[in-house]
Structure formats: structure tokens, C-alpha cells
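Secondary and tertiary structure notes
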Amino acid sequence: MKRRKKINIVSLGCSKNLVDSERLMRMLDNVGFSITHNGDYSEPTDAVVINTCGFISDAKEESVMEVLKAVQAKEEGMTDNVIVMGCLSERYKDELPAEIPQVDRWFGKTNWPEITRYLSEKYPASAPFDRIITTPSHHAYLKIAEGCNRFCSFCAIPLITGRYHSRPEEEIIEEVKMLVSRGVKEFNVIAQDLSNYGRDLYGELRIASLVDKIADVPGVEWIRLHYAYPADFPLDLLDVINRRDNVCKYLDIALQHISDNVLENMRRHINGAQTRELLAEIRRRVPGIHIRTTLMVGFPGEGEKEFEELMEFARQQRFERMGAFAYCEEEDTFGAKNFPDTLSEDVKQQRLDRLMALQEEISLSHQEQKVGSVQRVIIDREEPDYYVGRTQYDSPEVDPEVLVEKTKPLTVGEFYNVEIKQALPFELIGEVKE
């Protein structure tokens, strides 16, 4: 028998990138390749494809280092081809080939058919949304749009991905049905900006309608929503979250800041008062909802007064889930061109540390409130001493987990009612309730 050629797909960056890698994997599988995901170069391969991230400086550095590792593997005879795709190569397609000439081919973010043809000389035959799931088989990311129209002054994403492009509702629902048939129960809906879904295709915002239709598909147990934008937020989505039992009481909405001055510099199209009003409306319409947000410290215009306002905002809002990062100037963005980054890295780090220390206290308080309650938990994996799962309020990889005591055998991918016995800042401990 002819040996199947081996391809190692290395996926870096966000879950949207992971979906792109999964689509490429399906195309390569369809034309006869044997696929490894995130291999460590210890096994010989015919090619390595690196799906890069180009969002912030740390991610760019990680991507370049991964490319250099693959080049080293090629020089050591562990692979025949090094191919680079994704956001970094999309953004720096003119500069990178000269900097790293050992790479055999550079592709952009969505050139999966071209990559397949390059490697196989065949055109990949598959549904436009078909992919090989690399997450645990019971949950998957569902990307509903590409690109962004917001052009926040700190963000390079629109420069990389282009304008907002919604996928048709019918295609998304067909993908959901296909994934359900393969055992997926939990769908984490993702886009750079969920709030804007549908405007380009239908002339109106359709995220509420789309989520309602996904919830109608038999076998969909959980739907969780990621990366809503606060300006022009579609309030009808809240009614769907509240009404549908299989839509998690969870919303990921990046707010970035609360100071009017900083928000204006960021070009967020919303002010502090409007932000507070939106949060109050979200909590009023969806009692018990867990809000995940991201905040930024150190953006130009953030003095001590503005930072203390941000701290007080976090203290008052008591977000159930919150991440934060320090501003890093990104070339070619509006912020880099118009707002000098004069704040020292030490001050940024001190502010970030203070904000995250506050959030750890808030997170522990929220966790402690769950002690004694019974939560529906999906089991993600088995460890030597316990099973690890999540509640509807916890997205994979970024949110707290539930450690379930091994009082009886459990099945990965199934739901169980778990009584919470103990709380830690980022973990709950419990046992299955008979």
C-alpha cells in the first residue's frame, strides 16, 4: 500500500484560528494525508503547516519562534516542507519571506484550498464548513463571521482580516446539525464581533434570530456566546438567552475601559454611562447571567485618575469572569499613529497586577456563593484523582473548572448534577448528587 503522507498542523492564537486549522485538516484528510495536530517535531513528517497569530507583540513573537522551530526541524531532516499561514503571514506577507527564506511557502489566513492544492495537486472536495474537530468531541467552536468593522484604535484585527463578513444562517445551521451528528453537544459561538452579525447579509442585526435557530436543533445542549461588542448591542439577544434553556446564562463582552476619555481615545463608540446602563439592562433581562469581560490598562490617556475609575468600576460591577492586559502599541493602528505610548511598562504592570488581584477576590466571592448548590456539569476529562468538568457559566480553557470527586465512574462528555462542596478562586470542588 502507498504510504499516506504525514502533515503536522500547528495552530496558534485564538479559537477562531483553531477553526481555520480544523477546516484545513479536513481538506488535507480528504485528499489522502495523515494529519497530526500540534505535533512536537519528534516524528518525521512530509510537511509542517503553522497557522500563526498576529494580534499583539507576544503572539507575533510566539508565531515567529514556532516558525523557526519548524525550520530547524527541516534542517535536521524531520520534515520536508515548512508552510506558514494565518494572521501573521497575512499581515506581513511582503516582509516575512525575506526575513525567513527557509520557509517553503507563505499563505494568508483563509487560503486552505490553495495550501491543499500546493501539497497534493488536488482540489479539496468538502463542504465549505466541514472540519476535523480537535477539541474534546462533545464541544466545538462555531465561527459565524470573519473580520471586523469597528476599527478600535488599539486593534490590528481589521487590518488583518478585513471588513465584517457574516456567514449565511442556513450554512451555520447545517454545520451545527453535522456536528451534532458527530457527538457535539456544546457550541461556543465565536466571532470578532457577535453584535454585528447579519447586518452585511440581511440589512439588520440577526444574532438573536441565529441563536434561536441553533437552539432549535435537536441535540444542542449548550450554546455559549463569545465576543459581543457593547456599542449598538442587540438587546433582543438577551430575551433569547433568558428564554431558551439550552442557551447558557453567559455573555462574553469586551468592555476595555470605563473612562470617557480613554474610551474616546480607543474609538469604542460608547461612553462610561452607556456602558453602565447596558450592563444593568443585561442583568435585568437575564437574572443570574455570568458576564465575562476584558479590560485594558495603560492605554494613552489613562492617568492615575482614569485607572482608579477603572478599579472602582470593576469593584462595583463584580464581574463573574474578567481578564485584563496591558496596552501594547500595534503598528499601523490609529492609536499608534495618533497617541504616543508614553506610560512605562513598569507602571502598566503595576496597574495590571492591582486589577487582577482585585478580580481574584471577586472571583472567589462568586465561587463561594455556589457552595451548597447543585450545578449541571459536563465532564471534559478524567485525571488520576478526579474528573474535570464545567458548568454552563464556564467556557473551555478560559474559565473555572469543576473538580468532581471520584465516588463513582463518570463518562467524559456526559452531564451530571454535581453538589458543590468547596470553592477556590478559579476552581470548584464537588461530588455527583445521587
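Residues numbered from 1 in each chain as written. Predicted model: local features only at pLDDT ≥ 70, side-chain atom pairs only at ≥ 80, totals over all residues. Heavy atoms only, no water.

With respect to the environment of Y227
Worth spelling out the cut-off: Helix numbering and strand numbering both begin at the N terminus, where a helix is a DSSP run of H or I of at least 4 residues and a strand a DSSP run of E of at least 2. Three exposure classes are used, based on accessible area relative to the maximum for each residue type with a 1.4 Å probe and protein chains only: buried under 20%, partly exposed in between, and exposed over 50%. Contacts were defined at the residue level, with two residues in contact if any of their heavy atoms lie within 4.5 Å.
Residue position: Y227 is located in strand β10 (residues 222-228). For Y227, a relative accessible area of 28% corresponds to the partly exposed category. Distance in space between the C-alpha atoms of Y227 and V347 is 28 Å, their sequence separation being 120 residues. Among all residues touching Y227, those that are not within four sequence positions of it are S15, K16, I190, A191, Q192, D193, L194 and D252.

A word on the sheet that holds strand β17 (residues 415-424)
Threshold: Any two strands with at least two DSSP-identified bridges between them are counted as paired. To define axes, lines are fitted to C-alpha atoms, for helices over the stretch in contact only, and angles between the resulting N-to-C directions are given on a 0 to 180 degree scale.
One closed barrel holds the five strands; their spatial order is β14-β15-β16-β18-β17, and the pairing between them is mixed. Along the sheet, successive strands turn relative to each other by an average axial angle of 50 degrees, direction set aside. When strand β14 (residues 374-382) meets strand β15 (residues 386-390), the two strands line up antiparallel, connected through four bridges. In the sheet register, I378 faces β15, and the bridge partner there is R390. Where helix α15 (residues 345-368) meets the sheet, its contacts fall on β17 and β18 (427-432), and the angle it forms with β17 comes to roughly 130 degrees.

Comments concerning the pattern of salt bridges
Put simply, the test is: The working definition used for a salt bridge is a side-chain nitrogen of Lys or Arg within 4 Å of a carboxyl oxygen of Asp or Glu.
Inspection of every chain in the model, using the stated rule, returns 44 salt bridges. R167 serves as the salt-bridge partner of E175, at 2.7 Å between the closest nitrogen and oxygen. Judged by relative accessible area, which is 2%, E175 ranks as buried. Given the relative accessible area of 14%, R167 is considered buried.

Overview of helix α5 (residues 112-120)
Just so we agree on the cut-off: The directions from the helix axis to the C-beta atoms are what the arc is built from.
Looking only at α5, the buried set comprises W112, P113, I115, T116, L119 and S120. Each buried residue of α5 lies within a common arc of 160 degrees when the element is viewed along its axis, so the set occupies one face. Buried residues belonging to α5 abut β1 (6-11), α1 (15-30), β3 (47-52) and β4 (82-86). Directly beyond the C-terminal end of α5, a positive phi value near 60 degrees is found at E121.

Re the pairing of strand β13 (residues 321-326)
For the record, the criterion: Call a crossover right-handed when, viewed with both strands pointing away from you, the route from the first strand across the helix to the second goes clockwise.
Relative to β13, strand β12 (residues 290-297) runs parallel, the two sharing six bridges. By the bridge assignment, L295 is partnered in β13 with A324. Chirality of the crossover, the property in question, places the unit of β12, helix α13 (residues 304-317) and β13 among those that are right-handed.

Considerations on helix α10 (residues 236-243)
Of the positions making up α10, those classed as buried are L237, L238, V240 and I241. The arc enclosing the buried residues of α10, seen along the axis, measures out at 160 degrees, which places them on a common side. Contacts from the buried residues of α10 go to α9 (207-216), β10, β11 (247-253) and α12 (272-285).

Remarks on the packing of aromatic side chains
Note the threshold: Two rings from Phe, Tyr or Trp (for Trp, the six-membered ring) form a pair when their centres sit within 6.5 Å of each other. Planes less than 30 degrees apart are called stacked, planes more than 60 degrees apart edge-to-face, and all others tilted.
Under the counting rule described, the total for this entry stands at seven aromatic pairs. A centroid spacing of 6.3 Å and a plane angle of 80 degrees characterise the contact between F154 and F299, whose relative ring orientation is edge-to-face. One end of the pair, F154, is in the loop between β7 (145-146) and α6 (157-161); the other, F299, is in the loop between β12 and α13, with 145 residues separating them in the sequence. The same class applies to F154 and to F299, which are both buried. Ring geometry for F334 and F339: centres 6.0 Å apart, planes at 65 degrees, overall edge-to-face.

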